Amino acid sequence: DKNELELKKEEKDLLFSVLILPLNLISIRNNLRINLITNILYDLSEDFNKFYENCRVIDEENLLKKNFRISLIFKIKEIYELLFGLIGFHKVEKI
């Protein structure tokens, strides 16, 4: 059905990483362990890589799935910018 959104394992794993991020950041702050942000970045990158390898985006025929996946990609981009900013790496606007 075109109105249903069945998620693949890779999508669920990536969503889980997004959902637990606030809890991870609170724990990092409370324990003064900012170095753990790099672990989050690494784990998020692994999950994103698996998602992108296994979930079609641009040529997905189901519009609901396609829009969901594009939205998820934009959310991951925002999270990368946040996390890299927290460790002092900022987005390069122009070279």
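Preceding this paragraph is the structure being described.
The notes below deal with the structure included here. Keep in mind that what you see is a predicted model, and the values were worked out from it rather than measured. (Residues numbered from 1 in each chain as written. Predicted model: local features only at pLDDT ≥ 70, side-chain atom pairs only at ≥ 80, totals over all residues. Heavy atoms only, no water.)

**Concerning the overall build of the protein chain**
Phase 1: Within the protein chain, the secondary structure is distributed over 3 helices and 0 strands.
Phase 2: Reading the protein chain from its N terminus to its C terminus gives the helix and strand order α-α-α.
Phase 3: Taking the principal axes of its C-alpha atoms as reference, the protein chain extends roughly 45 × 35 × 20 Å.
Phase 4: Residues counted as buried form 26% of the 95 residues belonging to the protein chain.
Phase 5: Long-range pairs, those at least 24 residues apart, make up 73% of the contacts in the protein chain with a sequence separation of at least 6.
Phase 6: Between the mean site of the 15 positive side-chain charges and the mean site of the 16 negative ones, the protein chain shows a separation of 4 Å. (Helix = DSSP H or I, 4+ residues; strand = E, 2+ residues; numbered from the N terminus. Buried < 20%, exposed > 50% of the residue type's maximum accessible area, 1.4 Å probe, protein only. Contact = heavy atoms within 4.5 Å. Lys, Arg positive; Asp, Glu negative; His and termini not counted. Charge placed at Lys NZ, Arg CZ, Asp CG, Glu CD.)

**Some details on the pattern of salt bridges**
Phase 1: With the rule as written, the count across this model stands at 6 salt bridges.
Phase 2: In this structure, Lys75 engages Glu78 in a salt bridge whose closest nitrogen and oxygen atoms are separated by 2.9 Å. Of this pair, Lys75 and Glu78 are both found in helix α3 (residues 63-86), 3 residues apart, which corresponds to roughly one turn of the helix.
Phase 3: By relative accessible area, which is 45% here, Glu78 ends up partly exposed.
Phase 4: Among the charged side chains, a salt-bridge network with shared partners connects Glu11, Glu60 and Arg69. (Salt bridge = Lys/Arg side-chain N within 4 Å of Asp/Glu carboxyl O.)

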